[in-house]
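Understanding the architecture of this molecule
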Amino acid sequence: MPILMYHSVAHAPNEATHELSVSPDAFALQMEVLAERGFTPLTTAGLAAAWRSGRPLPERPVLVTFDDGYEGVHRYALPVLAKHGFASTLFVSTGWLRGAHDTGGALDFMLDWDQVRELAAAGAEIGGHSHTHPELDQLPGAELRHELRRCRDIVADELGARPLSFAYPYGYSDRRVRARVREAGFAQALAVGNSLARRGQGPYALRRVTVRRATGAEEFERLVEGRAVARVFARDRALTKGYAMVRRARQIRRKAMRTRV
Ligand SMILES: [Zn+2]
C-alpha cells in the first residue's frame with residue numbers, strides 16, 4: 001500500500017523547502033484522485049494496529065503523512081482533508097514548531113501548537129519526528145535518547161496523549177536508532193525508501209513514497225497505484241547514494257580528526 005510523504009504545502013515556498021513542497025492546488029487535486037479512485041486514508045497507528053491484530057483493512061488503504069510541521073499543512077491541507085473526511089498523520093519536529101519549545105533552525109514558517117491541536121481534533125494523528133531534526137544515526141547514545149524523549153514528552157504535554165508513531169528525519173535509521181525509538185514508546189516508525197509499504201518491512205521500517213513539487217498528475221496516479229515506483233525513484237536513489245558517499249567521507253574525516261586528537 002502507498003504511504004505518501006508530504007512536507008510543506010505552500011504557494012511560494014522558500015528555497016530550502018521548495019523541492020519537497022507541493023502547491024495547495026496540486027494537493028487538492030491529489031486528494032481528489034484518492035477520493036475518485038476509492039482510496040481510504042488511515043492514520044499510521046490505525047494501519048499498524050490493523051496489521052498487528054489481523055483486522056481487515058479497507059479496500060484501498062493509503063496513508064497521507066506530513067513531516068516537520070509546516071504552517072501550510074493547517075492553512076491549505078486541513079480544509080481539503082476535512083472536506084473528504086480523510087485521516088492523516090503529522091510528524092512534528094517539536095523544536096521547530098512556533099512557541100514555547102522553539103529551538104530555532106526550522107526551514108520555513110511552522111505550525112504553532114494551537115494549530116497542531118486543531119489538526120488533531122480534525123482527525124490527524126500527531127506523531128514524533130525528533131526534537132531538532134538531526135540525522136539520528138549519527139548521534140551518540142545520550143543525544144539520541146534526548147531527541148526521542150524530548151519530542152515524545154512535548155507532544156504528550158501539548159496534546160494530552162503520548163505519540164505512538166515516529167518518522168525518521170531524512171529517513172535515516174539503523175538498528176540502534178530503531179531500538180531506541182521502540183524504547184521511547186513509539187509503536188511504529190516510517191522511513192523513506194520510495195517503495196510501497198508492506199507488512200513484512202516490520203513496524204519500524206515502513207517505507208514511504210515522496211510527493212514533491214515536480215510530481216505531476218500522471219506520476220501521482222502511478223505512485224498510488226503502485227506502478228513504476230522503481231522507475232520514478234531511480235533518480236532519488238542515485239541522489240541518496242551520492243549523499244551517503246558524502247556522509248561516509250565526512251565520518252572518515254571526523255574519525256581521522258579524533259585519532260589525531
Ligand atoms: Zn523532516
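Read on for an overview of the structure. Bear in mind the structure is a predicted one, so any value in this text is a computation, not a measurement. Here the residue numbering is sequential within each chain, running from 1 through the sequence in written order. Owing to the predicted nature of the model, reporting of local features is limited to residues with pLDDT of at least 70; listing and counting of side-chain atom pairs is limited to 80 or more, with chain, interface and lining totals taken over all residues.

Some details on the nonpolar core
In plain terms, the rule: By definition, a nonpolar core groups buried Ala, Val, Leu, Ile, Met, Phe, Trp, Tyr and Cys residues that connect through C-beta atoms lying within 7 Å of each other. Each residue is classed by its C-beta neighbour count within 10 Å, where at least 20 other C-beta atoms makes it buried, 12 or fewer makes it exposed, and intermediate counts make it partly exposed; the C-beta atoms are placed from backbone geometry. This entry defines residue contacts through backbone-placed C-beta atoms, with two residues in contact when those atoms are within 7 Å.
The biggest cluster of nonpolar side chains holds 65 residues, and the ones touching the most others in it are Leu4, Val9 and Val73. Here Leu4 is in contact with Val62, Leu63, Val64, Thr65, Arg208, Val209 and Val211, once residues within four sequence places are set aside.

Side note on the environment of Ala120
The test is simple: Helix and strand assignments follow DSSP, with helices taken as H or I runs no shorter than four residues and strands as E runs no shorter than two, numbered in order from the N terminus.
Take Ala120: it is sitting in helix α5 (residues 113–121). In this structure, the C-alpha to C-alpha distance between Ala120 and Thr89, residues 31 residues apart in sequence, is 8.9 Å.

Concerning the packing of helix α6 (residues 141–159) against helix α7 (residues 175–183)
We apply this condition: For every element, the axis is a line fit to its C-alpha atoms; helices are fit only across the contacting stretch, and the angle between N-to-C directions ranges from 0 to 180 degrees. Each angle gets one of four labels, with under 35 degrees taken as roughly parallel, over 145 as roughly antiparallel, 65 to 115 as roughly perpendicular, and the rest as oblique. If you view the pair so one helix is near and one far, a crossing is left-handed when the near helix is turned anticlockwise from the far one by less than a right angle, and right-handed when it is turned clockwise. The residue classification treats Ala, Val, Leu, Ile, Met, Phe, Trp, Tyr, Cys and Pro as nonpolar and Asp, Glu, Lys and Arg as charged. All others, Gly included, are polar.
For the pair α6 and α7, interaxial distance at closest approach is 10 Å and the crossing angle is 40°. Relative to α7, α6 is oriented oblique. Crossing of α6 over α7 shows right-handed handedness. Counted together, Leu144, Arg145 and Leu148 of α6 and Val177, Arg180 and Val181 of α7 form the full contact between these two elements. Its residues assigned to classes, the contact of α6 with α7 shows four nonpolar, no polar and two charged.

Regarding the environment of Gly99
Along the chain, the position of Gly99 falls in the loop between β4 (88–92) and α5. Spatially, the C-alpha atoms of Gly99 and Trp113 are 7.1 Å apart, while their sequence positions differ by 14 residues. The residues contacting Gly99, other than those within four sequence positions of it, are Asp112 and Trp113.

Brief notes about helix α8 (residues 217–225)
Going by this rule: It is the directions from the helix axis to the C-beta atoms that the arc portrays.
Considered for burial, the residues of α8 that qualify are Phe220, Leu223 and Val224. Taken down its axis, α8 places every buried residue within 90° of arc, on the same side. Positive phi appears at Gly226, one or two residues downstream of α8, with a value of about 75°.

Concerning unusual backbone geometry
Its identity as a non-glycine residue notwithstanding, Asp68 has a phi of 85°, on the positive side. Here Asp68 lies in strand β3 (residues 61–68). Of note in the backbone geometry, Ser130 takes a positive phi value of approximately 80° without being a glycine.

Keep in mind that these numbers describe shape and distance, not what the molecule does.
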